[in-house]
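Chains, contacts and geometry: an overview
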Amino acid sequence: MSIRVAVIGAGTVGGGVIDILRKNKDILTANAGQDIVLTHVCELNEDALKEFDLSGVTVTQDASSLFNNPEVDVVCELIGGVGAAKTLTLEALKAGKHVVTANKMLLAYHGPELTEAALSGGVELRYEAAVAGGIPIIKALREGLAANHIEHAYGILNGTCNYILSRMTYEGLAFDDVLKQAMDLGFAETPPDLDIEGHDTAHKCQIMASLCYASKVDLESISVEGITGITGEDVEYAREMGYLIKLLAVVRLVDGEIDARVHPALVPETHLLASVRNEFNAIYVQGDMTDATLYYGKGAGRLPTASAVVADIVDIARAGDTPSPPPFHYRNDYPLRDPGLLEGRYYLRLTTKDVPGVFGIVGKILGDHGISIASCFQKDPHGVDRVRVIIMTHESRESSLRAALAEIDAHDFSVEPAAALRVIEE
Ligand code: HSE
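Only a predicted model underlies this, so the values are computations on that prediction, with no experimental measurement involved.

1. Considerations on the overall build of the protein
- A count of helical and extended segments in the protein gives 14 helices and 17 strands.
- Taken over C-alpha atoms, the radius of gyration comes to 24 Å for the protein, in line with the 22 Å a tight globule of 426 residues would show.
- Based on the C-alpha atoms only, the size of the protein along its principal axes is roughly 80 × 45 × 35 Å.
- Taken across its 426 residues, the protein has 54% of its residues classed as buried.
- Across the protein, the fraction of contacts at a sequence separation of at least 24, relative to all contacts at a separation of at least 6, is 74%.
- Counting every atom, the protein has about 17800 Å² of accessible surface; 50% of that belongs to carbon and sulfur.
- Distance from the positive charge centre (36 side chains) to the negative charge centre (60 side chains) of the protein: 2 Å.

2. Notes on helix α14 (residues 398-410)
- End to end, α14 covers 18 Å across 13 residues, agreeing with the expected 18 Å (1.5 Å per residue, within 8%).
- Inspection of α14 places E398, L401, A404, L405 and I408 among the buried residues, and these make up the whole buried set. Projection of α14 onto a plane perpendicular to its axis shows the buried side chains occupying an angular sector of 120°, all on one side.
- Against β13 (343-353), α13 (358-368), β15 (386-393), β16 (396-397) and β17 (414-423) lie the buried residues of α14.

3. Looking at the pattern of salt bridges
- Throughout the structure, instances matching the rule amount to 31 salt bridges.
- As a salt-bridge pair, E124 and R126 come within 2.6 Å of each other at their nearest N and O atoms. This pair shows no difference in class: E124 is buried, exactly as R126 is.
- Note that E233 and R388 form a salt bridge whose closest N and O atoms lie 2.7 Å from each other. In this pair, E233 is assigned in helix α11 (residues 232-240) and R388 in strand β15, connecting sequence segments 155 residues apart.
- For E233, a relative accessible area of 26% translates into the label partly exposed.

4. Overview of the packing of aromatic side chains
- The tally for this structure, following the rule as stated, stands at six aromatic pairs.
- On the basis of an interplanar angle of 0° and a centroid distance of 5.0 Å, the ring pair of F280 and Y296 is categorised as stacked. Note that F280 is positioned in strand β11 (residues 280-287) and Y296 in strand β12 (residues 291-298), a separation of 16 residues in sequence.
- For Y296, a relative accessible area of 45% gives the class partly exposed.
- Taken together, the ring pairs connect Y127, F328 and Y330 into an aromatic cluster.
- We note K216 situated over the ring of Y330; from NZ or CZ to the ring centre the distance is 5.5 Å.
- Sitting over the ring of Y170, R277 keeps its end group 3.6 Å from the ring centre.

5. Quick word on the site of the ligand
- In the vicinity of the ligand, the contacting residues are K104, N158, G159, T160, F187, E189, D195, D200, K204, G299 and A300.
- One of the side-chain nitrogen or oxygen atoms of T160 is found 2.7 Å away from an oxygen atom of the ligand.
- The contact in question runs from a nitrogen atom of the ligand to an N or O atom on the backbone of F187, over 2.8 Å.
- When the ligand sits alone it has 260 Å² of accessible area, and the protein chains cover 92% of it.

6. So, unusual backbone geometry
- Of note, the amide linkage connecting T190 to P191 takes the cis form, showing an omega dihedral of -10°.
- Mapped onto the elements, P191 comes out in the loop between α8 (175-185) and α9 (193-196).
- In this model, A214 sits at a positive phi of 50°, which is unusual for a non-glycine residue.
- Mapped onto the fold, A214 is located in the loop between α10 (199-213) and β8 (223-224).
- For A214, a relative accessible area of 4% puts it in the buried group.
- Residue D255 is not a glycine yet carries a positive backbone phi of 50°.
- Within the fold, D255 resides in the loop between β9 (243-254) and β10 (257-268).

7. What to know about the sheet that holds strand β6 (residues 125-126)
- Sheet architecture is open: six strands sit in the order β3-β2-β1-β4-β5-β6, paired in parallel fashion. Of all strands in the sheet, those bounded by a partner on one side alone are β3 (58-60) and β6.
- Relative to β6, strand β5 (residues 98-101) runs parallel, the two sharing two bridges. Bridge pairing in β6 places V100 opposite R126.

Rules and cut-offs
- Residues numbered from 1 in each chain as written.
- Predicted model: local features only at pLDDT ≥ 70, side-chain atom pairs only at ≥ 80, totals over all residues.
- Heavy atoms only, no water.
- Helix = DSSP H or I, 4+ residues; strand = E, 2+ residues; numbered from the N terminus.
- Rg over C-alpha atoms; globule rule 2.2 N^0.38 Å.
- Buried < 20%, exposed > 50% of the residue type's maximum accessible area, 1.4 Å probe, protein only.
- Contact = heavy atoms within 4.5 Å.
- Areas by Shrake-Rupley, 256 points an atom, 1.4 Å probe, with all protein chains shown as cover.
- Lys, Arg positive; Asp, Glu negative; His and termini not counted.
- Charge placed at Lys NZ, Arg CZ, Asp CG, Glu CD.
- Expected span 1.5 Å × (residues − 1).
- Arc of directions from axis to C-beta.
- Salt bridge = Lys/Arg side-chain N within 4 Å of Asp/Glu carboxyl O.
- Phe/Tyr/Trp six-rings, centres within 6.5 Å; stacked < 30°, edge-to-face > 60°.
- Lys NZ or Arg CZ within 6 Å of the ring centre and 35° of its normal.
- Near = heavy atom within 4 Å.
- Polar contact = N/O pair within 3.5 Å; in protein donor to acceptor, adjacent residues only side chain to side chain.
- Pairing = 2+ DSSP bridges.

Keep in mind these values describe shape, not function.
Structure follows, in structure tokens:
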């Protein structure tokens, strides 16, 4: 007995899948209880196939030809994006093929429609590789933590951003130089805007929030900030105060509302997430029964991501004809929480003229909005006519903070708009 697999897209991840199916055939057969056989590869770029031994495999450029082919049981959609990938995935599901995808953007935009198609086709749609690559976080949330209400999950979900922030932190390198290295190393998307502007993390955040709370989550309503505004000074000042800066996906349920957001945050040096360096990913999940749990590993790259794709194929093979749970349950209808309601501590970076009275006015504006200063410092500007004022607040409401910063920015003494970073506590 065997399960027959077609791979659409033989790029980084697809190529890794082809490699793993060959190299780890023995363990795959043992774990799946049957052979997993690569029968078809669909790839438009013939050059991409030169590195593989595809003897016995049918190579095609026509993905649709796979869907009515009785010799294909599972289709791996590994082309990415939401154009052709969506059409092909829906076509495959409707034709009764199981689909495995690594496509976080597709799921984040079209999860409900794809779920519907999988259910009506009576087939599986699996996506372990879509969030945190080689870390089995989807399985952990769907199965391992099934006895828990998830109180919150914090994820470092973008290898490129974590690599950039780590090297800025530990080697004092400049943002642009490190970004170029991340691109050379192959973690970053091309172009890297999806990474550094936070959207790649938002796609993964949307998937995690939908899973944790069994509710539809509108991707476009998730508040997203990337790391392009983070300066070497922020990294340095945060460290002086005992924090590291990480790009986080935050998922929580607060008063019956889903708080899902993506932003850089100050994480205490003693927090487990602070030790996650370079391109590694991690997800810190607080279950009401488990307490804190941590999942760590490589979230990007050829083999770690392909490993998750192949694990999904193994699960499909193991399940056989037993119906599996749907890709997403949407049994709840929680609204997304207004980010202005967030309560927390904030790191503020103000850039002001070096003139008398600035501290007094800033303190008064913050105070008028109910924001209390926990610590504050300014470095001697050494003759430059502008200064950085760094403030750590006590717990404050985000809407009040934004209103206060708008007032500060409107003052003559403000040279650049104020920057605010949220602080994650233990
Ligand atoms: N560009 C992504 C990253 C790849 O850097 O994590 C995995 O989604």
